[in-house]
Amino acid sequence: DAGVTQSPTHLIKTRGQQVTLRCSPKSGHDTVSWYQQALGQGPQFIFQYYEEEERQRGNFPDRFSGHQFPNYSSELNVNALLLGDSALYLCASGYSFRDTQYFGPGTRLTVL
Amino acid sequence: DAKTTQPNSMESNEEEPVHLPCNHSTISGTDYIHWYRQLPSQGPEYVIHGLTSNVNNRMASLAIAEDRKSSTLILHRATLRDAAVYYCILRDGAGGTSYGKLTFGQGTILTVHP
């Protein structure tokens, strides 16, 4: 049984560019959440998707947007990249808001 | 979101028990206590959770104070693979979409010596 998968593993962009990160949830899961983890910090909640809708959002600007597809996979889009967006982006999945969240290995984004 | 306080770091020797404390003095009656850990270069992984009673699973035990204002994650025999950042998180169990949100603090960096 495959766990949560994310692509790409690493990504390098320059300021002002746009980026799309992808996540496939664990089999049987229908909710996907995204987190940003800066170096040396704990992960910070960006938003959560369920039934193809954004259900909750953390304190992140509108430059951060997402999408959930009918197969429950999800994308995170970040526009007008800033140097401060350099971080590890983590995807987590769960089943209908049950307690346990399963995390993927993350995508390391570097903005130059 | 209710907050937790953990020591920045702790050290242990291999095969010895480890007690990781967490204070959560503002916990509400519907908050569950969750523990996740993050091994180097990996995403966080679930360890254990509880509400009022002590809990055991194959990974660890969770001891919850009677007033629920503190809890302790217990690793019965630390191994080198247990070296990680351990996060204590409160999650509202009242229902609805709040389940999906995990509010991480700084966590405790656990170092295990051979």
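Preceding block: the structure.
Note that the structure is a prediction, hence the values are computed from the model and not measured. (Residues numbered from 1 in each chain as written. Chains lettered and ligands numbered in written order. Predicted model: local features only at pLDDT ≥ 70, side-chain atom pairs only at ≥ 80, totals over all residues. Heavy atoms only, no water.)

A. How the structure looks around the overall build of chain A. Broken down by element type, chain A carries 0 helices and 11 strands. Each helix and strand of chain A, ordered N terminal to C terminal, gives the series β-β-β-β-β-β-β-β-β-β-β. For chain A, the C-alpha radius of gyration of 13 Å lies close to 13 Å, the compact-globule estimate for 112 residues. Each principal axis of the C-alpha atoms in chain A carries an extent, and together these give about 40 × 25 × 25 Å. The long-range share in chain A, meaning contacts at least 24 apart out of those at least 6 apart in sequence, stands at 53%. Put simply, chain A shows about 5,300 Å² of open surface, and 48% of that area lies on carbon and sulfur atoms. (Helix = DSSP H or I, 4+ residues; strand = E, 2+ residues; numbered from the N terminus. Rg over C-alpha atoms; globule rule 2.2 N^0.38 Å. Contact = heavy atoms within 4.5 Å. Areas by Shrake-Rupley, 256 points an atom, 1.4 Å probe, with all protein chains shown as cover.)

B. How the structure looks around the pairing of strand 11 (residues 107-111) of chain A. All names here are of chain A. Side-chain alternation along strand 11 places Thr107, Leu109 and Val111 on a buried face and Arg108 and Thr110 on a face that remains uncovered. Pairing geometry for strand 2 (residues 10-13) and strand 11, over 4 bridges, is parallel. Residue pairing in the sheet places histidine 10 in a bridge with arginine 108 of strand 11. Here strand 9 (residues 87-94) pairs with strand 11 via 3 bridges, running antiparallel. Within strand 11, the residue paired with leucine 88 across the bridge is arginine 108. (Buried < 20%, exposed > 50% of the residue type's maximum accessible area, 1.4 Å probe, protein only. Pairing = 2+ DSSP bridges.)

C. Quick look at the nonpolar core. Residues and elements named next belong to chain B. In this structure, Leu20, Ile33, Trp35, Leu73, Leu75, Tyr86 and Leu110 are the most contacted members of the largest nonpolar core, which totals 21 residues. Counting only elements with at least two residues in this core, the list comes to strand 2 (18-23), strand 3 (31-38), strand 4 (45-50), strand 6 (61-64), strand 7 (70-75), strand 8 (84-92) and strand 9 (108-113). In terms of residues, this core owes the most to one element, strand 8, which gives 4 residues. Once residues lying within four places of it in the same chain are set aside, the contact partners of leucine 20 are Met10, Trp35, Ser71, Thr72, Leu73, Tyr86, Thr108 and Leu110. (Core = buried A, V, L, I, M, F, W, Y, C linked by side-chain atoms within 4.5 Å.)

D. Representation of the environment of tyrosine 102 of chain A within the structure. Counting through the fold element by element, tyrosine 102 of chain A comes out in strand 10 (residues 102-103). Relative accessible area serves as the criterion here: at 38%, tyrosine 102 of chain A is assigned to the partly exposed category.

E. Looking closely at the interface of chain A and chain B. Listed as interface residues are 22 residues of chain A and, on the opposing side, 19 residues of chain B. For the pair chain A and chain B, the summed buried area comes to about 1,700 Å², and 52% of that belongs to carbon and sulfur atoms. The tally of links from chain A across to chain B stands at 0 salt bridges. Mapped onto the side of chain A that touches chain B, the elements with two or more residues apiece are strand 4 (31-37), strand 5 (44-50), strand 6 (53-57) and strand 9 of chain A. Here the residues of the side of chain A that touches chain B sort into 8 nonpolar, 11 polar and 3 charged. (Buried area = accessible area lost by both parts, 1.4 Å probe. Salt bridge = Lys/Arg side-chain N within 4 Å of Asp/Glu carboxyl O. Nonpolar A, V, L, I, M, F, W, Y, C, P; charged D, E, K, R; others polar.)

F. Seen up close, the pattern of salt bridges. By the definition in use, this model includes 7 salt bridges over all chains. Residue arginine 63 of chain A is joined to aspartate 85 of chain A by a salt bridge in which the shortest nitrogen-to-oxygen separation is 2.9 Å. With arginine 63 of chain A in the loop between strand 6 and strand 7 (64-68) and aspartate 85 of chain A in the loop between strand 8 (74-78) and strand 9, this pair connects stretches of sequence that are 22 residues apart. Of the two residues, arginine 63 of chain A and aspartate 85 of chain A, both sit in the buried class. Residues glutamate 15 of chain B and arginine 77 of chain B are paired through a salt bridge, measuring 3.3 Å at the closest nitrogen-oxygen approach. With glutamate 15 of chain B in the loop between strand 1 (9-13) and strand 2 and arginine 77 of chain B in the loop between strand 7 and strand 8, this pair connects stretches of sequence that are 62 residues apart. On the basis of relative accessible area, glutamate 15 of chain B is assigned to the exposed category, the value being 53%. What makes arginine 77 of chain B exposed here is its relative accessible area of 55%. Bridged by salt links that share partners, the residues Arg37, Glu45 and Asp82 of chain B form one connected network.

G. Quick look at unusual backbone geometry. Here serine 7 of chain A and proline 8 of chain A are connected by a cis peptide whose omega angle stands at -10°. Note that proline 8 of chain A resides in the loop between strand 1 (5-7) and strand 2. One non-glycine residue, glutamate 15 of chain B, lies in positive phi territory at about 70°. A positive phi angle, close to 60°, is found at serine 41 of chain B, a residue other than glycine.

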